[in-house]
Structures are given as structure tokens and as C-alpha cells.
Amino acid sequence: MLAMDSRAQYRVLGLVLLLGGGTAFHLYFGNPRRVELAELAERVERAERTNALAELPASDLDAIRESLVLGERQLAVLKRLVPREGEVEAIYEAIAAETQSLGLELVHALPADPVADSTGYFVRQQWALQVEGAYHDVGTLLTRIAGFARIVRPEVEEIIPSRITNSGRQLVHARFSLETFVLPPENSTSPEEG
């Protein structure tokens, strides 16, 4: 059946390989049924997940409901800790009162302009603070500020010796920053809406 000429045999072999390669390509890449089967498999998987959720026992649904109620309570607490307004004056007064009660000197307290967070759920308010006083009193001040009835995040930037008092106590000059958080105004859009 095959020609005796080796050139003709190579041509026939090349033709068979070409047809085989074309068939394989069509079956694996060009077959529209393959795409349709993949879409059908995805739909079946989604239906099975939905069916599994629908068949949850009542105890699982109760656990989900309890988890939802707990999440709502935690969100309410968070909203109390993150006020709707910046309260710049109230925070300044609280910091000044704490420094005065500890016998520290408030050298510098400057709030920066509020900046919207990348998530859009709240606004960040930065503060630059400098105080002078006894080292342990500065630590107590930071602890009290972190314990305010709102979210306040202090970060120490520098503590250096400043001067020695007449009684021989070493005072330090502390520079630190605070970060507070505020909920955006009601009329602004949340990330889900925008």
C-alpha cells in the first residue's frame, strides 16, 4: 500500500501526523462542548453549595443567628468608640487635663487635618504631641490616653533627657503622635454604595 520511495513514505507520515495533531487540537482547544461542559460543571457546583446551605440543621441556623447578633453588638460598641465628629476640642482638653494631673508640661499639641482612610469606613485624625516631665509620668500619660473612651492609638517617636530640676530629678522631653478615628459624615457614601 505504501510507496517504496522513502520521500513518499515521509510525506504520508507527515500527513498522518498533521491530521492527528489537528484532531488533538480540535478536541482539546477548539471543542465548543468542552467550554459548555466546564460551565455546566460550575453551575452544578454552585447548586450543590446552595443545596448544602439550604439543608443546614436548625442548630446551625441558630448558631448563625447568634453570631449575627454578636456581630451587631460589637459594631454598636465600635460605633461608640469611634464618634461621628472629630471632637478635637474634647480630646485636647482631655490630654491637657491628664498632663496637668500628672505634673507634666504640655509643650506642643497640634492636630493635623483629618484624612479619609483607604477603606472609606472612617476618617483618621493625627496629632503631634510633645510633653516634658518625669519619665514614668510620661508613661502613665500614654497609658491614660490609650484608655480614653474612644479609639486612640499613641506612638512614641522620641524620648530624650531634657533637664535636671533643682531637686535633682531628671526630666525627659517626649515627642509622640496620636491617631484617632472618626466615622464619616452621614451624607458620604460607603465603599459598598460607591
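Provided above is the structure to which this section pertains.
Residues numbered from 1 in each chain as written. Predicted model: local features only at pLDDT ≥ 70, side-chain atom pairs only at ≥ 80, totals over all residues. Heavy atoms only, no water.

> Tell me about the side chain of His 173, and name the residues and values.
Mapped onto the fold, His 173 is located in strand β5 (residues 170–182). Reaching out from His 173, the side chain makes a polar contact with the side chain of Gln 130 at a distance of 3.0 Å. Other than its neighbours up to four places away in sequence, His 173 contacts Val 107, Gln 130, Val 131, Glu 158, Ile 159, Ile 160 and Ser 162. (Helix = DSSP H or I, 4+ residues; strand = E, 2+ residues; numbered from the N terminus. Polar contact = N/O pair within 3.5 Å; in protein donor to acceptor, adjacent residues only side chain to side chain. Contact = heavy atoms within 4.5 Å.)

> Any details on a nonpolar patch on the surface? Residues and values, ideally.
Side chains of Phe 25, Leu 27, Tyr 28 and Phe 29 sit close together on the surface and give an oily, nonpolar patch of about 520 Å² of accessible area. By the element assignment, Phe 25 lies in helix α1 (residues 6–28). (Patch = residues over 30% accessible without salt bridge, like charges linked within 9 Å, V, L, I, M, F, W, Y side chains within 5 Å. Areas by Shrake-Rupley, 256 points an atom, 1.4 Å probe, with all protein chains shown as cover. Salt bridge = Lys/Arg side-chain N within 4 Å of Asp/Glu carboxyl O.)

> Describe the pattern of salt bridges, listing the residues and the values that go with them.
Proximity of charged atoms lets side chains of opposite charge pair with each other. On inspection of all chains with the given rule, the structure shows 9 salt bridges. We note a salt bridge from Arg 169 to Asp 137, for which the minimum N-O separation is 4.0 Å. Of the two residues, Arg 169 sits in the loop between β4 (152–164) and β5 while Asp 137 sits in helix α5 (residues 135–146), which places them 32 residues apart along the sequence. In this structure Arg 169 comes out as partly exposed when scored by relative accessible area, which is 46%. Take Asp 137: its relative accessible area is 22%, and that puts it in the partly exposed class. One salt bridge connects Glu 179 with Arg 153, and the closest N-O pair in it is separated by 2.3 Å. Of the two residues, Glu 179 is situated in strand β5 and Arg 153 in strand β4; the sequence distance between them amounts to 26 residues. (Buried < 20%, exposed > 50% of the residue type's maximum accessible area, 1.4 Å probe, protein only.)

> Now, about the nonpolar core: what can you tell me, with residues and values included?
If you look at the biggest cluster of nonpolar residues, it comprises 17 residues, and the most contacted ones within it are Ile 95, Val 131, Val 138, Leu 141, Ile 145, Phe 176 and Leu 178. Mapped onto this core, the elements with two or more residues apiece are α4 (88–102), β3 (123–133), α5 and β5. Among residues more than four places away in sequence, those in contact with Val 138 are Leu 104, Val 131, Gly 133, Val 172 and Ala 174. (Core = buried A, V, L, I, M, F, W, Y, C linked by side-chain atoms within 4.5 Å.)

> Lay out the side chain of Glu 179 in plain terms, naming residues and giving numbers.
We classify Glu 179 as buried; its relative accessible area is 6%. A distance of 2.7 Å separates polar atoms of two side chains, one belonging to Glu 179 and the other to Arg 124. Here Gln 126 takes part through its side chain, which lies 2.9 Å from a polar atom of the side chain of Glu 179. For Glu 179, the contacting residues outside a window of four places in its chain are Arg 124, Gln 125, Gln 126, Ile 151, Val 152 and Arg 153.

> Tell me what's going on with the pairing of β5, and back it up with residues and numbers.
Of all 13 residues making up β5, 11 are buried, and the element is well covered by its neighbours. In this structure, β3 lies alongside β5, joined through 11 bridges in antiparallel fashion. Among the inter-strand pairings, Trp 127 is bridged to a residue of β5, identified as Leu 178. The sheet contact formed by β4 and β5 spans 11 bridges and is antiparallel. In the strand pairing of β5, Glu 158 is matched with Arg 175. Counting the residues that bridge the hairpin from β4 to β5 gives 5 residues, and of these Gly 168 lies at a positive phi of roughly 95 degrees. (Pairing = 2+ DSSP bridges.)

Geometric descriptors of this kind do not, in isolation, establish any biological role.
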